[in-house]
Amino acid sequence: MPHALEQRTSLLQALSGANQGPPPIWFMRQAGRYLPEYRALREKYSLHDLFFTPELAAQITRMPLDRFHFDAAILFSDITVVAKMLGFSLFFAEGPKVAPAMTLERVDVLSIDEEALNPIFEAIHLIQSDITVPLLGFCGAPFTVASYLLGGMENTRLWMKHHPDVFFRFLQVIQKATLIYTKKQEEAGVDALQIFDSWANLLTVEEFERFSLPFVKELSESLSIPTLFFMRNGSPYIEKIPCAISLDENGSLLQARQRTKKPLQGNLGPDVLFEPLSIVKQKTTEILEEMRKDPAFIFNLGHGIKPQTPLDAVYCVVDVVKNFL
Ligand code: CP3
């Protein structure tokens, strides 16, 4: 077990390129359905209630820490909550949905309600008074958030193709709300913030440079705390990402390290956790060997942990990482 002070700071040390001990570890989607204690709460409350009741969001944020002693907490929320700042109502039915449906005409009349996400900042205060590891806030980058507000990738493609200027203005409004939202997360006390552009891999290079990268840069530069960036298949853009990079299991950490000095996070495939524990150990160790003594490395999955994941595999990974010499 690392010393308590070490655990309090190792993520922030890695984000500043100065981690000396074993890499900090946390998992994307660590607060969620693979946890029986989460599923028990979920039977009593709607997802919306869990996201917007500060005490419940705080309670869920803590769950994976109590069980696995991860080196960071991530706020229990969702990338789509920002839609509430833009006047949408949000509900969850096999994924996030908004009402009313977004139309081209609405883009220029959307306004921003700065108070709409206040329960989330209250949750951040509650969490911070209750944990000893760093707390990560997060947001979606405008492209990925837009793809949910437009009801999926098919409609998003139509907007991009036939109305690129309106689409761009839509991204700008989402960005404006997101800048306020992330600044307020920082003010409420998150220690670092991860930007998810999960679907940006579906963009061509030219589209990525227009519809993703400038927004990610602006978000990252607007905050004083460290930021991390996640997309699927992000390897082509490693040199361009302005902050720490979360690589998925399709990327190579070793090759990424040769291309950038920025902090790197990743990248155990979430499916590996369904393998026998001997394989889980082996794949975890391979990553640790690849990044041995790297002062700017954070151990994570390549993407979010899956709902059916066996808990034993999670215990196993944490144990191997924390005892790696
Ligand atoms: O990491 C964490 O533990 C913090 C919580 C968190 C959630 N969503 C909670 C959630 C985070 C960081 C997210 C990010 C998120 N949400 C992303 C980016 C990361 C990624 O996986 O690419 C995206 C694309 C979303 C959108 C979203 N929210 C989808 C597609 C879904 C439904 C499918 C799914 O994965 O469950 C959600 C709902 C959602 N967000 C749940 C949770 C725990 C499901 C909860 C439930 O059904 O009880």
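Residues numbered from 1 in each chain as written. Predicted model: local features only at pLDDT ≥ 70, side-chain atom pairs only at ≥ 80, totals over all residues. Heavy atoms only, no water.

(A) Fine view of the overall build of the chain. Per the secondary structure count, the chain includes 13 helices and nine strands. Against the globule reference of 20 Å for 325 residues, the chain gives a C-alpha radius of gyration of 19 Å, in line with a compact fold. Here the C-alpha coordinates of the chain stretch approximately 60 × 45 × 35 Å along the principal axes. Going through the 325 residues of the chain one by one, you find that 54% of them count as buried. Accessible area of the chain: about 14,000 Å², with a carbon and sulfur share of 52%. Counting 31 positive and 38 negative side-chain charges, the chain places the averaged centre of each group 2 Å from the other. (Helix = DSSP H or I, 4+ residues; strand = E, 2+ residues; numbered from the N terminus. Rg over C-alpha atoms; globule rule 2.2 N^0.38 Å. Buried < 20%, exposed > 50% of the residue type's maximum accessible area, 1.4 Å probe, protein only. Areas by Shrake-Rupley, 256 points an atom, 1.4 Å probe, with all protein chains shown as cover. Lys, Arg positive; Asp, Glu negative; His and termini not counted. Charge placed at Lys NZ, Arg CZ, Asp CG, Glu CD.)

(B) Main features of the site of the ligand. Close to the ligand lie 22 residues; Arg-29, Arg-33, Arg-42, Asp-78 and Ser-198 are nearest. One nitrogen or oxygen atom from the main chain of Ala-31 is found 2.9 Å from an oxygen atom belonging to the ligand. For the ligand, an oxygen atom lies 2.8 Å from a polar atom in the side chain of His-303. Looking at the shell around the ligand, the elements with two or more residues in it are α2 (36-44) and α3 (47-52). Here the shell around the ligand is composed, by residue class, of 13 nonpolar, five polar and four charged. (Near = heavy atom within 4 Å. Polar contact = N/O pair within 3.5 Å; in protein donor to acceptor, adjacent residues only side chain to side chain. Nonpolar A, V, L, I, M, F, W, Y, C, P; charged D, E, K, R; others polar.)

(C) Here's a closer look at helix α10 (residues 213-222). Residues of α10 that are buried include every one of Leu-213, Phe-215, Val-216, Leu-219 and Ser-220, and no others. Along the axis of α10, the buried residues cluster in a sector spanning 165°; they form a single face. Residues of α10 that are buried sit in contact with β4 (135-140), α6 (142-149), α8 (164-188), β5 (192-196), α9 (205-211) and β6 (227-230). (Arc of directions from axis to C-beta. Contact = heavy atoms within 4.5 Å.)

(D) Region of interest: the pattern of salt bridges. Scanning all chains against the criterion turns up 13 salt bridges. Taking the shortest distance from any N to any O, the salt bridge between Arg-210 and Asp-165 comes out at 3.4 Å. Here Arg-210, found in helix α9, pairs with Asp-165, found in helix α8; they are 45 residues apart in sequence, far enough to count as distant. A single salt-bridge network, built from bridges that share partners, covers Arg-62, Asp-66 and Asp-130. (Salt bridge = Lys/Arg side-chain N within 4 Å of Asp/Glu carboxyl O.)

(E) Layout of the side chain of Asp-78. Considering the arrangement of structural elements, one finds Asp-78 in the loop between β1 (73-74) and β2 (89-92). The buried charged residue Asp-78 lacks any salt bridge, with Arg-29 as its nearest oppositely charged partner at 4.8 Å. Within the local environment of Asp-78, its side chain forms a polar contact with the side chain of Thr-80, the two groups lying 2.5 Å apart. If we skip the residues at most four places from it in the chain, Asp-78 touches Phe-51, Phe-92, Pro-96 and Phe-138.

(F) Broad picture of the sheet that holds strand β7 (residues 244-246). Overall, parallel pairing links the seven strands, which are arranged β1-β4-β5-β6-β7-β8-β9 in an open sheet. Of all the strands in the sheet, just β1 and β9 (297-301) have a single pairing partner and so form its edges. By the bridge criterion, five bridges tie strand β8 (residues 264-268) to β9 in an arrangement that is parallel. If you follow Leu-268 over to β9, its bridge partner there is Leu-301. Across the sheet, α8 lies against β4 and β5, angled at about 175° from β4, the strand it touches most. (Pairing = 2+ DSSP bridges. Axes fitted to C-alpha atoms, helices over the stretch in contact; angles between N-to-C directions.)

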